[in-house]
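Remarks on the overall topology
Chain by chain, the residues run as shown.
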Amino acid sequence: MTATLLDGKAFAATVRDKVATHVANLKRDHDITPGLAVVLVGEDPASQVYVRAKGKQTVEVGMNSFEHKLDDDVSEADLLAVVNRLNDDPAVHGILVQLPLPGHLDSDLIINAINPAKDVDGFHVSNVGLLGTGQKSMVPCTPLGCLMMLRDHHGSLSGMEAVIIGRSNIVGKPMAQLLLNDSCTVTIAHSRTKSLADVVRRADIVVAAVGRPEMVPGDWIKPGATVIDVGINRIPAPDKGEGKSRLVGDVDFDSCAAVAGAITPVPGGVGPMTIACLLANTLTACCRASGLDEPGGLTA
């Protein structure tokens, strides 16, 4: 391996420390405590683990954590009523409805019912539009984490060529807009991109967010490029025993690390940054709601 390892776990810890410091100052100077409300519908095991982690880290940085657990057969009207109560609650500065929702619920309808100023996931159509036009918005957490890591490693991103593999509303599209706003030249590639390998080889920055295990090999990577692997895929690991599995990203780590200048691991790369940026977004939303200066370095 020749690439510098971008340690998302360590970087996320520094972000949480900054958030905790700002939260303590808000309490001391203004008697304000940021509050994050998470709404969980159903019993999905992965969602339950994620929500517990969010709640734990919210409390650890000194924020108030509000959890609302609803049955998987909850009606759309009842879920909307919970969202509306949270919209009206001055103690709640951030609202997150854990996805995916059960099939009988319209995710877009629910997300767009959240007050955009409290939409700390950055998924509301108003925040998408604001980000797309370069205005102040709530920024999706995973792309924000990627941007923070890139800025920390490179300093200025101006003039760099970036290729994003994946065009999802959650990662690919907002990632492209963030990099455009930092004066990168951006290409969004996807499953139908012609000569995909040649497109990727042009990039100084590669963000892989396509959801295909180890799709990107090392010979697609420009020597010295920075590789941000957003993928989290579980694949069989027979060498660990029958029925065992392991986590891998969207890039083949070993071959890419031999060529890249810097790379994020999976696990331990982008993943830890997502919750850290959720906390940062909640702090930002609280400061904006209170008419206070936003904390520096914790948003786009």
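Everything below is about the structure shown above.
One structure accompanies this document, and this report is about it. Throughout, residues of each chain are indexed from 1 in the direction in which the sequence is written. In keeping with the model being predicted, local features are shown solely for residues with a pLDDT of at least 70 and side-chain atom pairs are shown and tallied solely at 80 or more, while totals for entire chains, interfaces and linings include all residues. Excluding hydrogens and water, the side-chain values take into account all heavy atoms of the structure.

1. Topic: the overall build of the chain
Convention followed: Starting at the N terminus, helices and strands are each numbered in turn, a helix being any DSSP run of H or I of at least four residues and a strand any DSSP run of E of at least two. Atoms counted for the radius of gyration: C-alpha only. Globule rule: 2.2 Å times the number of residues to the power 0.38. For each residue, the accessible area found with a 1.4 Å probe, counting protein chains only, is set against the maximum for its type, and the residue is called buried under 20%, exposed over 50%, and partly exposed in between. The protein chains shown are the only cover counted for residues, whose accessible areas, like all others here, come from Shrake-Rupley with a 1.4 Å probe.
When its secondary structure is counted, the chain shows ten helices and eleven strands. A compact globule built from 300 residues should have a C-alpha radius of gyration of about 19 Å, and the chain, at 19 Å, falls within 12% of that. Based on the C-alpha atoms only, the size of the chain along its principal axes is roughly 50 × 45 × 35 Å. Here the chain, with 300 residues, has 48% of them falling under the buried criterion. For the chain, the accessible surface area stands at approximately 13,500 Å², while carbon and sulfur atoms represent 51% of it.

2. Side note on unusual backbone geometry
Residue Pro-100 is bonded to the preceding Leu-99 through a cis peptide linkage, with omega at 0°. Mapping Pro-100 onto the fold places it in the loop between strand S4 (94–97) and helix H4 (107–111). Between Val-266 and Pro-267 the backbone carries a cis peptide bond, its omega angle lying at -5°. Unusually for a residue other than glycine, Asp-31 sits at a positive phi of about 55°. Relative to the assigned elements, Asp-31 resides in the loop between helix H1 (8–30) and strand S2 (35–41). A positive phi is found at Glu-214, a non-glycine position, where the angle reads about 50°. With a relative accessible area of 29%, Glu-214 lands in the partly exposed category.

3. Some details on the side chain of Thr-299
Inclusion rule: We call two residues contacting when some pair of their heavy atoms lies within 4.5 Å.
For Thr-299, the position within the fold is in the segment after helix H10 (271–289). Excluding its chain neighbours within four sequence positions, the residues that come into contact with Thr-299 are Val-139, Leu-144, Met-148, Arg-151, Thr-284 and Glu-294.

4. Focus: the pairing of strand S5 (residues 161–165)
Two faces belong to every sheet, and in a regular strand the side chains alternate between them. Our working definition: By this definition, two strands are paired if DSSP reports at least two bridges between them. Here, the term right-handed applies to a crossover whose path from the first strand over the helix to the second runs clockwise when the strands point away from the viewer.
For S5, the tally of buried residues reaches four of five residues, placing the bulk of the element in the interior. Bridge count between S5 and strand S6 (residues 185–189): five bridges; the pairing is parallel. In the sheet register, Ala-162 faces S6, and the bridge partner there is Val-186. Handedness of the S5-helix H7 (residues 172–181)-S6 crossover: right-handed.

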